[in-house]
Protein chains: 2
Amino acid sequence: MSGYSYAEVERMLATGDIDGRLTRHDLPTPALLLDLDAFESNVGAMVRHCREHGLALRPHGKTHKCPEIARFLTQAGAVGACAAKVSEAEVFAQHGVTGLLVTTPVVSRYAVERAVALARKQNDTLFLADHAANVRALDAAAAEAGVVLNIVIDLHVGRKGGVLPGLPALELARLVASLKNLKLSGLQAYAGFASHTIGYDQRRTASTEALGPAVETKRLLARHGVDCALLTGGSTGTYDIDPTIEGVTELQPGSFMFMDLDYSGIGGRDGGPYRDFRTALTVLSTVVSKPTSTLAIIDGGTKAFSTDRPILPEAVGVDGIVYSWGGDEHGKLDVRGASAAVELGDRLEFVVPHCDPTVNLYDRIFCLRSDVVEAVWPIAARGKSQ
Amino acid sequence: MSGYSYAEVERMLATGDIDGRLTRHDLPTPALLLDLDAFESNVGAMVRHCREHGLALRPHGKTHKCPEIARFLTQAGAVGACAAKVSEAEVFAQHGVTGLLVTTPVVSRYAVERAVALARKQNDTLFLADHAANVRALDAAAAEAGVVLNIVIDLHVGRKGGVLPGLPALELARLVASLKNLKLSGLQAYAGFASHTIGYDQRRTASTEALGPAVETKRLLARHGVDCALLTGGSTGTYDIDPTIEGVTELQPGSFMFMDLDYSGIGGRDGGPYRDFRTALTVLSTVVSKPTSTLAIIDGGTKAFSTDRPILPEAVGVDGIVYSWGGDEHGKLDVRGASAAVELGDRLEFVVPHCDPTVNLYDRIFCLRSDVVEAVWPIAARGKSQ
């Protein structure tokens with residue numbers, strides 16, 4: 001610790017005037033940390049990959065919810081950012097991020113109103129739709145506001161939403177193309193389950209089979225003279241599979257920039273572990289109780305780490321620590337086999353089970369170059385799920 | 001819907017000037033809802049219960065993280081509020097909530113500094129400790145600041161932190177009592193696992209056995225002339241068990257005010273379901289895709305509901321809907337057996353798996369009397385886990 005009082009640290013964080021004076025040892029815990037070297041390496045690798053394959057990269061903002069990160073990505077070569085919901089896209093737009101694609105259909109009356117306002121502000125924004133009645137409602141709202149909405153038709157190739165590929169999609173595409181205040185801008189084919197399929201070959205099969213009907217649909221539209229250049233989809237697990245699928249023009253991965261234990265477990269191309277990207281995201285915690293020689297309690301529980309995967313946080317730097325949930329506020333560490341002593345007040349760093357929902361628990365991310373805090377970025381779209 | 005534009009709703013929410021004009025049909029989704037009738041009934045029941053048994057009630061603020069709720073509870077008869085961490089307690093204090101007990105040991109240098117500042121502001125605040133070196137550090141910090149810290153000794157009766165009951169606790173209590181800038185204020189015996197034990201009789205056994213050593217420790221202290229009136233602990237699952245344990249003087253339950261599917265499953269005193277408190281907390285969502293006749297997608301996934309229990313959200317008002325996770329942003333509804341049609345744009349309400357970490361995902365809670373929004377309360381301590 002550098003000897004700052006908490007009042008001083010709080011003032012630095014409030015004003016953003018940290019100027020390289022804070023280190024990881026100065027941060028109140030639990031804290032969300034970003035290793036900038038690993039993050040920049042991950043971003044560089046994905047940008048090069050997409051460039052080499054002639055694909056656009058529109059990384060998913062639901063992963064980071066952080067305008068600074070969205071801007072970093074576009075400066076590195078991304079065409080924009082995906083946003084899960086209109087409210088998330090609004091935050092990105094307020095911070096100057098353009099090239100937005102909202103990846104949930106815009107259905108409720110309020111969502112339509114907000115989408116129209118966003119399109120008026122940034123006319124390159126893309127909106128998802130998968131239903132004829134909804135498309136007509138969007139056209140009517142756009143007409144009333146005097147804007148044109150760019151529509152991407154979501155195809156049901158995963159296990160979630162979307163219009164059925166083939167004729168139903170063609171029919172919807174023709175409807176969109178026929179409506180004066182909508183512009184048919186592309187197709188989305190997102191198969192999240194494929195990305196999390198364990199084993200590279202199994203993953204390739206899953207993604208190729210899932211995206212097959214999307215590629216067929218794109219050809220069907222072309223044969224019927226419905227122009228639709230964009231086919232967007234793909235994620236971290238299939239980033240090196242989907243470019244080989246004819247017709248895919250854009251990737252929208254998210255987790256690659258941070259990585260997490262879930263993705264680390266999907267298996268690499270060579271049959272070994274998945275090491276295509278580096279672990280850039282961790283949570284820093286403090287030991288707040290040591291009731292016995294083998295049990296340590298830290299200040300990070302289910303409000304500090306996501307719990308949507310059956311995976312537990314893993315300690316960095318000390319081997320043999322076994323984490324288990326200790327409720328909302330605490331984690332329990334079995335330190336019997338720990339490679340170093342773990343004592344009251346010690347600070348320990350953990351890799352997170354799943355990055356996106358973990359980030360969504362925090363208001364800011366501390367960006368470190370080695371031990372020095374280079375920046376503190378607000379997670380400004382945290383909680384924006386509307 | 002009442003016909004407001006989103007811009008109007010946003011303005012009302014920003015200013016707080018809602019004046020009974022909004023209903024549940026006007027809220028952007030996903031939204032966290034509080035049924036005020038059920039909430040007030042739960043609070044009234046717990047206040048009466050504690051009064052009848054001569055116990056103090058200090059409900060746990062980690063459940064709601066909402067100053068308005070903390071104030072409502074003290075006005076109803078609670079002696080104050082528990083807070084999981086110092087940062088949570090600070091938010092309550094900023095909003096005028098007194099009688100705070102911080103239920104995580106104050107260990108890190110910053111936590112100590114913040115605790116001392118809080119004690120200077122509100123000298124009735126209670127802080128947890130379970131370790132001799134830490135207690136000495138607290139005394140030194142209190143001396144430097146010219147304050148007295150009220151210390152509650154945490155006993156290791158659950159499966160988490162705390163000093164071992166019996167002689168180790170006596171030794172620590174004597175140390176606290178001997179230090180000039182600390183005041184020994186009580187013992188905490190919190191056994192969270194007992195509260196979630198399924199079956200009333202099993203729960204009674206678990207809690208009685210867990211709290212036994214705490215009661216013994218309190219007697220041991222008394223025999224050695226160490227004055228310690230307060231013995232705090234207990235939670236929603238054991239609220240009607242712990243008052244029968246001699247020596248317990250205060251309950252600190254949280255979930256009773258909201259209830260959730262997890263607590264609904266612990267089994268009631270009569271062998272039937274646990275119905276001691278009413279479900280007051282729900283999440284409102286919208287159907288954003290209906291890809292097939294049997295599958296509907298809503299806008300609430302793992303960023304809208306907690307996932308720390310192996311329990312899925314349950315629809316209110318429509319029977320036979322089966323929810324499954326559809327990723328961070330969406331839920332998948334199997335509507336094959338639904339008792340009513342579920343169509344694109346429909347709004348559906350869900351009971352949550354676990355209340356505390358669900359509330360921690362939202363920035364505000366909409367308080368409803370029947371269908372009318374009576375108030376919108378900020379969840380001001382959301383994310384305050386430091």
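Residues numbered from 1 in each chain as written. Chains lettered and ligands numbered in written order. Predicted model: local features only at pLDDT ≥ 70, side-chain atom pairs only at ≥ 80, totals over all residues.

1. Some thoughts on the sheet that holds strand 2 (residues 56-57) of chain A
As a general point, the strands of a sheet are linked pairwise by backbone hydrogen bonds and lie either parallel or antiparallel.
Residues and elements named next belong to chain A.
Right, on to step 1. Sheet architecture is open: 8 strands sit in the order 2-9-8-7-6-5-4-3, paired in parallel fashion. The sheet is open, and its two borders are formed by strand 2 and strand 3 (81-83), each paired with just one other strand.
Right, on to step 2. Each of strand 5 (126-129), strand 6 (149-154) and strand 7 (182-189) touches helix 6 (residues 132-145); the most contacted strand, strand 7, lies at about 140° to it.
Right, on to step 3. Relative to the sheet, helix 7 (residues 167-178) contacts strand 6 and strand 7, its axis offset from that of strand 6 by approximately 175°. (Pairing = 2+ DSSP bridges. Helix = DSSP H or I, 4+ residues; strand = E, 2+ residues; numbered from the N terminus. Contact = placed C-beta atoms within 7 Å. Axes fitted to C-alpha atoms, helices over the stretch in contact; angles between N-to-C directions.)

2. Overview of the interface of chain B and chain A
It is common to report an interface's size as the accessible area lost on association of the parts.
Right, on to step 1. Residue-level contacts link 56 residues of chain B with 56 residues of chain A.
Right, on to step 2. Residue assignment for the side of chain B that touches chain A shows that the elements contributing at least two residues are helix 5 (109-121), helix 6 (132-145), strand 10 (281-289) and helix 11 (355-359) of chain B.
Right, on to step 3. The greatest single-element share of the side of chain B that touches chain A, amounting to 4 residues, is contributed by helix 5 of chain B.
Right, on to step 4. When the residues that make up the side of chain B that touches chain A are grouped by side-chain class, the tally is 19 nonpolar, 22 polar and 15 charged. (Nonpolar A, V, L, I, M, F, W, Y, C, P; charged D, E, K, R; others polar.)

3. Things to note about the domain arrangement of chain A
All names here are of chain A.
Right, on to step 1. Segmentation of chain A into domains returns domain 1 (6-34 + 275-378) and domain 2 (36-259).
Right, on to step 2. On the domain 2 side, the residues contacting the 16 residues of domain 1 number 20 residues.
Right, on to step 3. Elements that contribute at least two residues to the side of domain 1 that touches domain 2 include exactly helix 11 (355-359), strand 16 (364-369) and strand 17 (372-378).
Right, on to step 4. With 4 residues, strand 16 is the largest single contributor of residues to the side of domain 1 that touches domain 2.
Right, on to step 5. Considering only residue class, the side of domain 1 that touches domain 2 consists of 10 nonpolar, 2 polar and 4 charged. (Domains from an automatic or database assignment.)

4. Focus: the relation of the copies chain B and chain A
Right, on to step 1. When chain B is fitted to chain A, the best match, at an RMSD of 0.0 Å, comes from turning it 180° and sliding it 0.0 Å along the axis. The symmetry that links the two subunits is that of a two-fold axis. Judged by C-alpha distance, Thr307(B) is the residue of chain B that lies nearest the rotation axis, at 2.8 Å. (Least-squares fit on C-alpha atoms with pLDDT ≥ 70 in both.)

5. Digging into the sheet that holds strand 4 (residues 100-102) of chain B
Residues and elements named next belong to chain B.
Right, on to step 1. Judged by pairing direction, the sheet is parallel, and its 8 strands sit side by side in the order 2-9-8-7-6-5-4-3 without closing on themselves. Both outer strands of the open sheet, strand 2 (56-57) and strand 3 (81-83), are each paired with one neighbouring strand and no more.
Right, on to step 2. Note: strand 3 against strand 4, 3 bridges, orientation parallel. Looking at the pairing, Ala81 lines up with Leu100 of strand 4.
Right, on to step 3. Packed on one face of the sheet, helix 4 (residues 86-94) meets strand 3 and strand 4 and runs near 170° to strand 4.

6. Comments concerning the nonpolar core
Right, on to step 1. Core analysis: the largest hydrophobic core is formed by 233 residues, its most contacted members being Val106(A), Ile153(A) and Ile153(B).
Right, on to step 2. Setting aside residues up to four positions removed in sequence, Ile153(A) forms contacts with Ala129(A), Asp130(A), Val163(A), Ala169(A), Leu172(A), Ala173(A), Val176(A) and Leu187(A). (Core = buried A, V, L, I, M, F, W, Y, C linked by C-beta atoms within 7 Å. Buried ≥ 20, exposed ≤ 12 C-beta atoms within 10 Å, placed from the backbone.)

7. Thoughts on the pairing of strand 10 (residues 281-289) of chain A
All names here are of chain A.
Right, on to step 1. Across the 9 residues that make up strand 10, a large majority, 9, are buried.
Right, on to step 2. Examined bridge by bridge, strand 1 (residues 31-35) and strand 10 share 4 bridges and lie antiparallel to one another. Its bridge partner lying in strand 10, Leu33 is registered against Thr282.
Right, on to step 3. By the bridge criterion, 5 bridges tie strand 10 to strand 15 (residues 347-351) in an arrangement that is antiparallel. Its bridge partner lying in strand 15, Thr282 is registered against Val351.

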